[in-house]
Amino acid sequence: GAEPLFIFDPDDHSNAPDPVEHPTVIANWSLIPVYLRDLFVQSFGPGLAHPLLRVRESVWRAALARLLDGVATCTWCGKENFSDDGAVGECWSCGREMERPLRIMLDGRVLVLGTTTRLCRHHVARDYDYATVLGEVVKHAERDIWGLRNVSHETWRVTVPGRGDLELVHGQTLALVPGTVLNIGLVTARLED
């Protein structure tokens, strides 16, 4: 088109989606965390006419990594939901209020923990390497207890509230206890609820 206009332009609603014709578009937009919506508005609002105002690839990559790390699973229906660094509301699928998930805080960044979460090299090196898995969330074989298993070849130094310091070697699992501090390489991480 000769005069493109983003459908969610905050200043010009002349191309806004029609609630009757486009309910899915409107619903999906509301599911995206604000920090990512802001990037779309910047890129397809001012950035359409002024290329220097477009969002850089590195900013998109960081935002999409943050989005991936913030996926939370609804405990009621099992559907995945986007969170804002662990802050959740109603599940998009069942409409029930979601419980705040347990999270690992890694030098100011957040990894939401769920049944399929993997702690990857990216989380400690910030290199977008999601293929190299360092740890994975696992369930105890006999009890309803979840833990983080060290699948790396490095020993993690861990401080567990009420238990003191210990080392977690390859193959060992640590119960997910809020307040636990993990030293993985040069990164200090903390489990928070």
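Residues numbered from 1 in each chain as written. Predicted model: local features only at pLDDT ≥ 70, side-chain atom pairs only at ≥ 80, totals over all residues. Heavy atoms only, no water.

Draft legend 1. Region of interest: the packing of aromatic side chains. Here the structure, examined in full by the defined rule, presents seven aromatic pairs. Consider the rings of Phe6 and Trp29, whose centres lie 5.8 Å apart with planes at 70°: the pair is edge-to-face. Here Phe6, found in the segment before helix H1 (23-31), pairs with Trp29, found in helix H1; they are 23 residues apart in sequence, far enough to count as distant. Grouping residues by exposure puts Phe6 and Trp29 together as buried. Here the aromatic rings of Phe40 and Phe44 are separated by 6.0 Å at their centres, their planes lie at 25°, and the arrangement is stacked. Highlighted residues: Phe40 and Phe44, both in helix H2 (residues 34-44), separated by four residues, approximately one helical turn. Residue classification places Phe40 among the partly exposed residues on the basis of a relative accessible area of 26%. Using a relative accessible area of 36% as the deciding quantity, one classes Phe44 as partly exposed. Cluster of aromatic residues (ring-pair linked, three or more members): Phe6, Phe8, Trp29, Phe40, Phe44 and Trp60. The aromatic ring of Tyr128 is capped on one face by Arg61, whose charged end is 4.0 Å from the ring centroid. Over the face of the ring belonging to Trp76 we find Arg96, whose NZ or CZ atom lies 3.8 Å from the ring centre. (Phe/Tyr/Trp six-rings, centres within 6.5 Å; stacked < 30°, edge-to-face > 60°. Helix = DSSP H or I, 4+ residues; strand = E, 2+ residues; numbered from the N terminus. Buried < 20%, exposed > 50% of the residue type's maximum accessible area, 1.4 Å probe, protein only. Lys NZ or Arg CZ within 6 Å of the ring centre and 35° of its normal.)

Draft legend 2. Local environment of the environment of Asp84. When you line up the elements, Asp84 lands in the loop between strand E2 (80-81) and strand E3 (103-106). Each C-alpha atom, one on Asp84 and one on Val158, is 27 Å from the other, the two residues being 74 residues apart in sequence. Contacts of Asp84, omitting those with residues within four sequence positions, involve Tyr35 and Arg66. (Contact = heavy atoms within 4.5 Å.)

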